[in-house]
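Chain by chain, the residues:
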Amino acid sequence: MNITVGIIGGGPAGLSAALYLRQIGVQAIVFEKSSNAEYRAGEHISPECKPLLQKLKIPESIVRDNAAPCYAVSGTWGDDKLFSNDSIFNVYGDGFILSRPDFDNALLVFAKSSGVVIKANMRVTDISKINEKWCIRYKGNTGNSAVLTDYILDASGKSTKNFNQLVTKKAKYDDLIGITCLCKDRRTRAPARASIHIEATKMGWWYTAIRRDNMLVATFMTDADIYRKNIEKEERLWECINTSINTKSIILKYKKIDKIFVSPAQSQMHTKMADDFFLAIGDAAWSVDPLSSQGIYNALSMGIDAAKSIFAHANGSVLALNEYQRKHTNLFYKYLSEKAYYYRLEKRWSENIFWHRRHAMNWMDIPIKIDPGSKVRANKKNIDINTIRPITPSIDFDLLLDIMENSPVASCAVLSYKKRAMTQVEDREVIVAIQELSSHSM
Ligand SMILES: Cc1cc2nc3c(=O)[nH]c(=O)nc-3n(C[C@H](O)[C@H](O)[C@H](O)COP(=O)(O)OP(=O)(O)OC[C@H]3O[C@@H](n4cnc5c(N)ncnc54)[C@H](O)[C@@H]3O)c2cc1C
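Quick caveat: nothing in here was measured; it's all calculated off a predicted structure.

Reading the values: rules and limits
Residues numbered from 1 in each chain as written. Predicted model: local features only at pLDDT ≥ 70, side-chain atom pairs only at ≥ 80, totals over all residues. Heavy atoms only, no water. Helix = DSSP H or I, 4+ residues; strand = E, 2+ residues; numbered from the N terminus. Buried < 20%, exposed > 50% of the residue type's maximum accessible area, 1.4 Å probe, protein only. Disulfide = S-S within 2.5 Å. Near = heavy atom within 4 Å. Polar contact = N/O pair within 3.5 Å; in protein donor to acceptor, adjacent residues only side chain to side chain. Areas by Shrake-Rupley, 256 points an atom, 1.4 Å probe, with all protein chains shown as cover. Nonpolar A, V, L, I, M, F, W, Y, C, P; charged D, E, K, R; others polar.

A. Spotlight on unusual backbone geometry. Of note, the phi angle at Lys57 is positive, near 60°, even though the residue is not glycine. With respect to the helices and strands, the residue Lys57 is situated in the loop between helix H2 (50–55) and helix H3 (60–64). Look at Asn121: it is not a glycine, yet its phi comes out positive at around 55°. With respect to the element layout, Asn121 can be found in the loop between strand S7 (117–120) and strand S8 (123–130). You can call Asn121 partly exposed: its relative accessible area is 37%.

B. Looking closely at the state of the cysteines. In this structure the tally under the stated criterion is zero disulfides. This cysteine, Cys49, is not joined by any disulfide, and Cys70 carries the nearest cysteine sulfur, 12 Å off. Counting only cysteine sulfurs, Cys183 is the nearest neighbor of Cys181, a cysteine outside any disulfide, at a range of 5.9 Å. Cys181 gets classed as buried once you look at its relative accessible area, which sits at 0%.

C. Looking closely at the site of the ligand. With respect to spatial proximity, 35 residues lie near the ligand, and among them Glu32, His44, Val124, Asp283 and Ile296 are the closest. In this structure, an oxygen atom belonging to the ligand sits 3.2 Å away from a main-chain N or O atom of Gly295. Ile296 is positioned with one of its backbone polar atoms (N or O) 2.9 Å from an oxygen atom of the ligand. Contact with the protein chains covers 93% of the free accessible surface of the ligand, which is 1000 Å². The set of elements that each furnish at least two residues to the shell around the ligand consists of helix H1 (12–23), strand S2 (27–32), S8, strand S17 (259–264) and helix H8 (295–314). In terms of residue count, H8 provides more of the shell around the ligand than any other element does, three residues in total. Classifying every residue of the shell around the ligand gives 15 nonpolar, 13 polar and seven charged.

The following block contains the structure:
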């Protein structure tokens, strides 16, 4: 097929899309800004990824040489009793504990050998439309350059700049970050098989994994403001480690922390994942809490989905990109419900802000009481939008307050918002936002 797809980002999402596009005869160009030398978060690859890796024809050796088999996820969550989810009960068998930079690099080399054009160490700086084509501008050691493509996939991860010039909204559902302590193992031999350990504590939760290269990766998941207030200094981090039970005993075997990395880990969705010959994939489209261990799985499957959607669209299926958007919006909302379910299982520290935030309701579970025929009003002066924003994160409050200025009927306010909003949003989310704004104004 005579089209070219430019892919911004050579992580699991970008490379999955590129490999699948090659399989169906589409030219793919991947731009990757890093040299995959630095630490990258995301160690555990769930067993469910295996069929996706097979679909992408990724040789088993790429995983085997850069990972240790993971036979169980164990830990404490909800009470002090140790649980263990053994992979022997999973139809796909063991998962893997990856060394991410090495795995990502091996995938990049494999994609190149499969015919994908790789622009390594090249940062995309800008995209724009020139006639019917996308113009991708990029920068490397040798200077600036540009290339024209038919489609663009944004696979640049969760925290990079928004490449879609038309829409800028990312709905953020929390402010989770991961503080990763990398510790060197003093033993000489790597574990032949390893497990992941998770542990809920008062201010957040830990996961620990030992990589194939004997590095212990111990990550504390908490909110950015809690980190800044309580943990940022290394001695405070040790205080935090001391509040755990099993994690502490694992980390103490290593005596010292070699490096600390802080990574954003928020649950977030791009409210416009599909646009004019443009799709967002992987974390750039929607990102999940590491508790789910689904980030890499989602990245690989979205890459395949996006490649199929582009193929269908290029062959005349005009709704293919919209269908991609609808499917992934629904998957994200399904994920949010599952996330709430798991966090609500842990009730020991409900009064602590970290858990309190995760037990709070959002627009999906707040009952709708507002009468569609009633007039709605919002008193801008009385409202603290920051208390409502986490409940309805996709809403543009400037626009909604503007619409509610003249006390419209509730149903008209919803329609008017949907008509004027730059991004797609569910009716229910708009209704709950209106309900919250009017109740705070009374
Ligand atoms: C603390 C933490 C722990 C996690 N643990 C797990 C886990 O155990 N299991 C799991 O499945 N998931 C985990 N995740 C999530 C997982 O890491 C991500 O979901 C996954 O990496 C997403 O892949 P991606 O390809 O979408 O994005 P990324 O892996 O972020 O890749 C994006 C790529 O785009 C490149 N890029 C960005 N901007 C540009 C640009 N302008 N030009 C060129 N290149 C660019 C970047 O260099 C990067 O290589 C974890 C995440 C965090 C934060």
